[in-house]
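# Understanding the architecture of this molecule
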Amino acid sequence: MATSVMHLFTFISVVSVMLSPAAYATPGTATFYTNYVPSACYGDHDSGVMIAAASDPLWDNGAIQGRNQGGPGVEINPGSATGAICGKTFTVKCTGPANPVPHPCTGESVTVKVVDHCPGCGGTLDLSKEAFKAIADPVAGIIKID
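Residues numbered from 1 in each chain as written. Predicted model: local features only at pLDDT ≥ 70, side-chain atom pairs only at ≥ 80, totals over all residues. Heavy atoms only, no water.

## Some thoughts on the confidence of the model for the protein
The predicted model of the protein averages 77 in pLDDT, with 68% of residues at 70 or higher. Highest mean pLDDT in the protein belongs to helix α3 (residues 129-135) (98); lowest belongs to helix α1 (residues 2-19) (38). Here residues 63-81 is a poorly scored stretch, pLDDT under 50, and it has 35 contacts once near neighbours within four places are set aside; other chains count. (pLDDT = per-residue confidence, 0-100. Helix = DSSP H or I, 4+ residues; strand = E, 2+ residues; numbered from the N terminus. Contact = heavy atoms within 4.5 Å.)

This is the structure we're talking about:
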């Protein structure tokens, strides 16, 4: 009887671990931009305001976790050999200042869709101003993120 209970407990534990969602945060930095169209991924298609542009390392290595959100009739990354990250979504949270502006974070997180490339950007993601403002004071200009 005790062995059966132990086996059942082990089975339930294994199933619980397998079914629990895993989330991985990668630290980086974020800045913001304000001109959203045209974009490197979607041309003149308006993708809304909860969007981001990927830095060179993300753009060139789009094979990282995220969800492709192109949707029917929307060509992802037209005319480009790189940018596999187009359409992937990321939940971003401010974790602290990256310059002398104290306490820039709002404590909120935001989910953004990658729609553009930010060549030479100093940050990991260049967020839309609206997305940046949801997680931090825009006066900061640059923040640490997860």
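## Focus: the pairing of strand β5 (residues 125-128)
Summarising the sheet, strand β1 (residues 28-33) and β5 pair through 4 bridges and their orientation is parallel. The residue bridging threonine 31 from the neighbouring strand is aspartate 126, located in β5. In this sheet, β5 lies alongside strand β2 (residues 51-54) in antiparallel orientation, the contact comprising 3 bridges. In the sheet register, alanine 53 faces β5, and the bridge partner there is aspartate 126. (Pairing = 2+ DSSP bridges.)

## Section: the state of the cysteines
All chains considered together, the criterion is met by 3 disulfides. The disulfide partner of cysteine 94 is cysteine 105, and the gap between their sulfur atoms is 2.0 Å. Between cysteine 94 and cysteine 105, the disulfide has an S-S torsion of -60° and is therefore left-handed. Linking cysteine 94 in strand β3 (residues 89-97) with cysteine 105 in the loop between β3 and β4 (109-117), this pair joins segments that are 11 residues apart in sequence. For cysteine 105, a relative accessible area of 30% translates into the label partly exposed. Disulfide partner of cysteine 118: cysteine 121, at an S-S distance of 1.4 Å. Among the residues examined, cysteine 118 registers a relative accessible area of 10% and is labelled buried. Residue class for cysteine 121 comes out partly exposed when judged on its relative accessible area of 24%. Taken in sequence order, the bonded cysteines of the protein link in the pattern 1-2, 3-4, 5-6. (Disulfide = S-S within 2.5 Å. Buried < 20%, exposed > 50% of the residue type's maximum accessible area, 1.4 Å probe, protein only.)

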